[in-house]
Amino acid sequence: MIKPAIETAEVGTAEAGDMPLVRRALARDPNAFRAIIKTYNQRLYRIARGVVRNDAEAEDIVQEAYLRAFASLSSFRGEASLSTWLSRIVINEALGRLRKRKRVAAMHENPEAQIIRFPLNPTDLNPGDDPERTMAQRQILRLVERATDSLPDVYRTVFVARVIEGLSIEETADFLGVRPETVKTRLHRARTLVRKALDDEIGPVLLDAFPFAGRRCERLTQAVMKRLDFEV
């Protein structure tokens with residue numbers, strides 16, 4: 001049986017044990033496949049989503065990439081991390097979809113690309129306790145998602161890899177097949193574009209900043225009424 005620590009590991013924490021896990025997968029151990037998928041699902045999905053800007057297509061790309069990766073798993077030599085190796089397969093699959101999409105003139109892109117719902121931190125957010133905060137966080141996420149989606153392909157991929165996924169400059173350069181200097185240049189440009197997109201939208205949003213309504217308003221009202229010796 002696979003150790004729970006590996007099966008529930010966060011992205012990147014299993015890299016030190018890549019080869020043993022790969023050997024178990026080559027021996028057709030289902031738990032090894034499950035561990036690989038659970039460990040890298042989020043990273044690979046976000047990378048694919050960052051390229052194609054479509055939830056369903058990104059999921060399909062990741063599935064195809066896993067099948068290709070597992071079919072050629074014997075070629076993995078550990079020269080790069082398993083994470084980087086899988087990321088390369090995903091990026092190649094995603095870019096191939098983009099090229100095919102552009103070649104088919106009759107295929108129209110959805111002008112309103114679906115938006116990936118980046119997971120909120122459950123330790124920081126309890127919707128039942130503070131719905132206003134929940135809504136505010138979701139609004140911020142939507143702003144960032146729209147700004148990311150608006151980036152040109154060449155910048156969006158780097159931005160997703162570095163800023164959203166937290167890959168290093170070297171890791172990003174490795175799986176994209178470009179020089180680290182190129183990653184830095186593209187990242188700088190991407191951040192500039194995202195900042196501008198957020199600046200364009202943040203003005204209207206700030207009109208609703210620091211809301212004091214709903215439960216918070218009611219809680220304060222009741223506290224004051226109670227201190228004034230009114231029944232609440």
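Residues numbered from 1 in each chain as written. Predicted model: local features only at pLDDT ≥ 70, side-chain atom pairs only at ≥ 80, totals over all residues. Heavy atoms only, no water.

Counting its regular elements, the protein contains ten helices and zero strands. Helices and strands appear in the protein in the N-to-C order α-α-α-α-α-α-α-α-α-α. Of all 232 residues assigned to the protein, the portion counted as buried reaches 35%. Contacts spanning at least 24 positions in sequence make up 69% of the contacts within the protein whose residues lie at least 6 apart. A total of about 14,200 Å² of accessible surface is found on the protein, and carbon and sulfur atoms cover 55% of it. (Helix = DSSP H or I, 4+ residues; strand = E, 2+ residues; numbered from the N terminus. Buried < 20%, exposed > 50% of the residue type's maximum accessible area, 1.4 Å probe, protein only. Contact = heavy atoms within 4.5 Å. Areas by Shrake-Rupley, 256 points an atom, 1.4 Å probe, with all protein chains shown as cover.)

It is worth spelling out unusual backbone geometry at this point. Positive phi outside glycine occurs at Arg 28, with the angle close to 65°. With respect to the secondary-structure elements, Arg 28 resides in the loop between helix H2 (18-26) and helix H3 (30-52). A positive phi is found at Arg 53, a non-glycine position, where the angle reads about 60°. For Arg 53, the position within the fold is in the loop between H3 and helix H4 (55-71).

A word on the environment of Ser 74. Here Ser 74 lies in the loop between H4 and helix H5 (82-103). Note: C-alpha distance between Ser 74 and Val 22 (52 residues apart in sequence) is 8.4 Å.

A separate point is helix H7 (residues 153-164). Helix length check: H7 (twelve residues) gives 15 Å between terminal C-alpha atoms against 16 Å at 1.5 Å per residue, within 8%. Those residues of H7 not exposed but buried are Arg 156, Thr 157, Val 158, Phe 159, Val 160 and Ala 161. Positive backbone phi, at 80°, marks Gly 166, one or two positions downstream of H7. (Expected span 1.5 Å × (residues − 1).)

Packing of H3 against H4 brings their axes to within 8 Å, and their N-to-C directions diverge by 135°. The angle between H3 and H4 falls in the class oblique. H4 is crossed by H3, and the crossing has right-handed handedness. Facing H3, whose interface residues are Phe 33, Ile 36, Ile 37, Tyr 40, Asn 41, Leu 44, Tyr 45, Ala 48, Arg 49 and Val 52, H4 presents Asp 55, Glu 57, Ala 58, Glu 59, Ile 61, Val 62, Tyr 66 and Phe 70. (Axes fitted to C-alpha atoms, helices over the stretch in contact; angles between N-to-C directions. Parallel < 35°, antiparallel > 145°, perpendicular 65-115°, else oblique. Left-handed = near helix turned anticlockwise from the far one by under 90°.)

Looking now at H4. For H4, spanning 17 residues, the distance from its first C-alpha to its last is 25 Å, which sits close to the expected 24 Å at 1.5 Å a residue. Of the positions making up H4, those classed as buried are Asp 55, Glu 57, Ala 58, Ile 61, Val 62, Ala 65, Tyr 66 and Ala 69. Its side-chain oxygen 3.2 Å from the backbone nitrogen of Ala 56, Asn 54 forms the N-cap of H4. (Polar contact = N/O pair within 3.5 Å; in protein donor to acceptor, adjacent residues only side chain to side chain.)

This paragraph deals with the packing of H3 against H7. The N-to-C vectors of H3 and H7 enclose an angle of 155°; their axes lie 8 Å apart at closest approach. Between H3 and H7, the angle is such that the two are roughly antiparallel. For the crossing formed where H3 meets H7, the hand is right-handed. On the side of H3, the interface is formed by Arg 46, Ile 47, Gly 50, Val 51 and Val 52, while H7 contributes Asp 153, Arg 156, Thr 157, Val 160 and Ile 164. Looking at the contact of H3 with H7 residue by residue, the classes come out as five nonpolar, two polar and three charged. (Nonpolar A, V, L, I, M, F, W, Y, C, P; charged D, E, K, R; others polar.)

Considering the arrangement of structural elements, one finds Thr 192 in helix H9 (residues 180-206). A relative accessible area of 30% means that Thr 192 is categorised as partly exposed. Polar side-chain contacts of Thr 192 include one of 2.9 Å to the backbone oxygen of His 188.

On to the pattern of salt bridges. Applying the stated criterion across every chain, the model contains ten salt bridges. Where Glu 93 meets Arg 68, a salt bridge forms, and the shortest distance between an N and an O atom there is 3.3 Å. Taken together, the positions of Glu 93 in helix H5 and Arg 68 in helix H4 put the pair 25 residues apart, joining distant regions of the chain. Judged by relative accessible area, which is 9%, Glu 93 ranks as buried. Residues Arg 156 and Asp 153 are paired through a salt bridge, measuring 2.6 Å at the closest nitrogen-oxygen approach. Pair noted here: Arg 156 and Asp 153 are both in helix H7, with a separation of three residues, about one helical turn. (Salt bridge = Lys/Arg side-chain N within 4 Å of Asp/Glu carboxyl O.)

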